[in-house]
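Residue strings, one per chain:
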Amino acid sequence: SVRDAINLADSFNKLSQKTGIAVESLSQLNYAAGLSDVSTDALATGLKKLNVAISGAANGSKEQAALFKALGVSVRDASGNVLSADKVFSQLATKFSESADGAEKAAVGNAIFGKTFTDLIPLLNTGAKGLSDLGTEAKKLGIVMTADFAKNAEEFNDNLHRLSVSGN
C-alpha cells in the first residue's frame, strides 16, 4: 500500500503539471471521486478534456464559449484570467447536479468532457457544495497530498526506474 500511495502521488504530480490543478486539489477531488465510484483515470481524463474545452472557450472558440455561457459557467475570473479546471469543474458540478439526468445532460456533458462524462456523472451530481464538503472531509482524514510529497514521490519512482534499467 505504501507503493500504491507513492504511485498515486507521482501520478498526481504529473497530472498537476498537465492540468494546472494543485496536487492538494487533485487529491481532494480524487477522494470525492472514489466515493462516487469514479476512477482516478476517469477523473484525470475528464480534467484533461475540460482543460481543452476551457482553453477553447477562453481563446475564441465560439462553440465552446457558447456552451459555457449557456450553462452560466465562467471560464474567466473577474480580472479576466482563465480559471483553473478545478474551479470550472466546481461550477459545472453545481449546474449538472441541478439538471435532470438524460439525453440533454449527456449531450452537454459529452461536449465538455468527451466520452468520460458518463463516468463523471455521479461525481458531478454531488454539486460544488458536496465537492467542497468532501474536500474538507479529506483534509480532516489527513489524506490530502501536498505538492512536496507528490514531487518527492515522482523523484523516488524515477530513481527506481534508473536503478532497474541500469541493472543494479
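The coordinates are above.
Here is what the cut-offs are and how they apply
Residues numbered from 1 in each chain as written. Predicted model: local features only at pLDDT ≥ 70, side-chain atom pairs only at ≥ 80, totals over all residues. Heavy atoms only, no water. Helix = DSSP H or I, 4+ residues; strand = E, 2+ residues; numbered from the N terminus. Polar contact = N/O pair within 3.5 Å; in protein donor to acceptor, adjacent residues only side chain to side chain. Contact = heavy atoms within 4.5 Å. Expected span 1.5 Å × (residues − 1). Salt bridge = Lys/Arg side-chain N within 4 Å of Asp/Glu carboxyl O. Buried < 20%, exposed > 50% of the residue type's maximum accessible area, 1.4 Å probe, protein only. Arc of directions from axis to C-beta. Patch = residues over 30% accessible without salt bridge, like charges linked within 9 Å, V, L, I, M, F, W, Y side chains within 5 Å. Areas by Shrake-Rupley, 256 points an atom, 1.4 Å probe, with all protein chains shown as cover. 1 Å grid on protein atoms, 1.4 Å probe; cavity = no way out; pocket = protein on both sides within 12 Å on 5 of 7 lines; lining within 4 Å. Points joined across faces, edges and corners; volume = space filled by probe spheres on them. Nonpolar A, V, L, I, M, F, W, Y, C, P; charged D, E, K, R; others polar. Axes fitted to C-alpha atoms, helices over the stretch in contact; angles between N-to-C directions. Parallel < 35°, antiparallel > 145°, perpendicular 65-115°, else oblique.

Undergrad: Can you help me understand the side chain of S16 in this one?
TA: One can find S16 in helix α1 (residues 2–19). A distance of 2.7 Å separates a polar side-chain atom of S16 from the backbone oxygen of I21. In contact with S16, other than residues within four places in its own chain, are I21, A22, V23 and L26.

Undergrad: Mind showing me how you'd approach helix α9 (residues 147–166) here?
TA: Across its 20 residues, α9 extends 29 Å between first and last C-alpha, which sits within 8% of the 28 Å expected from 1.5 Å per residue. Check the buried side of α9 and you find it contacts α1 and α2 (23–35).

Undergrad: Before we go on, may I ask you to explain the pattern of salt bridges in this structure?
TA: Pairing is possible between side chains of opposite charge, provided their charged atoms come close. All told, the structure shown has 5 salt bridges when counted by the stated rule. A salt bridge links K105 to D101; the nearest nitrogen and oxygen atoms lie 2.7 Å apart. For K105, a relative accessible area of 5% puts it in the buried group. Residue D101 is classed as exposed on the basis of its relative accessible area, which comes to 58%. Between K129 and D133 there is a salt bridge, with its nearest N and O atoms 3.0 Å apart. Here K129 pairs with D133, and both are found in helix α8 (residues 127–141), just 4 residues apart, close to one helical turn.

Undergrad: How do you make sense of helix α4 (residues 62–71) when you look at a structure like this?
TA: Along an α-helix, residues three or four positions apart point the same way, because every turn accommodates 3.6 residues. Of all the residues in α4, the buried ones are Q64, L67, F68 and L71. Seen along its axis, α4 keeps its buried residues to an arc of 90°; they face one direction. Set apart from the buried face of α4 by more than 90 degrees, the exposed residues are K62, K69 and A70. Considering only its buried residues, α4 is in contact with α3 (40–58), α5 (85–97) and α6 (103–113). Just downstream of α4, G72 is the residue with a positive phi angle, here 75°.

Undergrad: Any chance you could explain the side chain of S36 here in plain terms?
TA: With respect to the secondary-structure elements, S36 resides in the loop between α2 and α3. On the basis of relative accessibility, which here comes to 11%, the residue S36 falls in the buried class. Filtering out sequence-adjacent residues up to four positions away, S36 remains in contact with P122, L123 and T126.

Undergrad: Can you walk me through unusual backbone geometry in this structure?
TA: As a rule of thumb, non-glycine residues mostly have phi less than zero, and peptide bonds are mostly trans rather than cis. One non-glycine residue, D37, adopts positive backbone phi at about 60°. Relative to the assigned elements, D37 resides in the loop between α2 and α3. Taking the relative accessible area as the measure of exposure, D37 reaches 73% and is therefore exposed.

Undergrad: Would you explain a nonpolar patch on the surface in this entry?
TA: Taken together, the side chains of F156, L160 and L163 make up a nonpolar region of the molecular surface, amounting to roughly 250 Å² of accessible area. Inspection of the secondary structure puts F156 in helix α9.

Undergrad: Teacher, can you tell me more about the layout of surface pockets here?
TA: The gaps left among the atoms become clear once a water-sized probe is rolled over them. Reported here for the largest pocket is a volume of approximately 270 Å³. Lining the largest pocket are 13 residues, with Q28, D86, S90, L131 and S132 sitting closest to its centre. If one sorts the elements of the lining of the largest pocket by residue count, α8 sits on top with 6 residues. Here the residues of the lining of the largest pocket are counted per class, giving 4 nonpolar, 6 polar and 3 charged.

Undergrad: I would appreciate a short explanation of the packing of α5 against α6 in the present structure.
TA: When two helices pack together, their arrangement is given by the angle between their axes and by how far apart the axes lie. Between α5 and α6, whose axes approach to 12 Å, the crossing angle comes to 170°. Relative to α6, the element α5 is oriented roughly antiparallel. Between α5, through F89, L92 and F96, and α6, the contact on the second element is made entirely by K105, V108, G109, I112 and F113.

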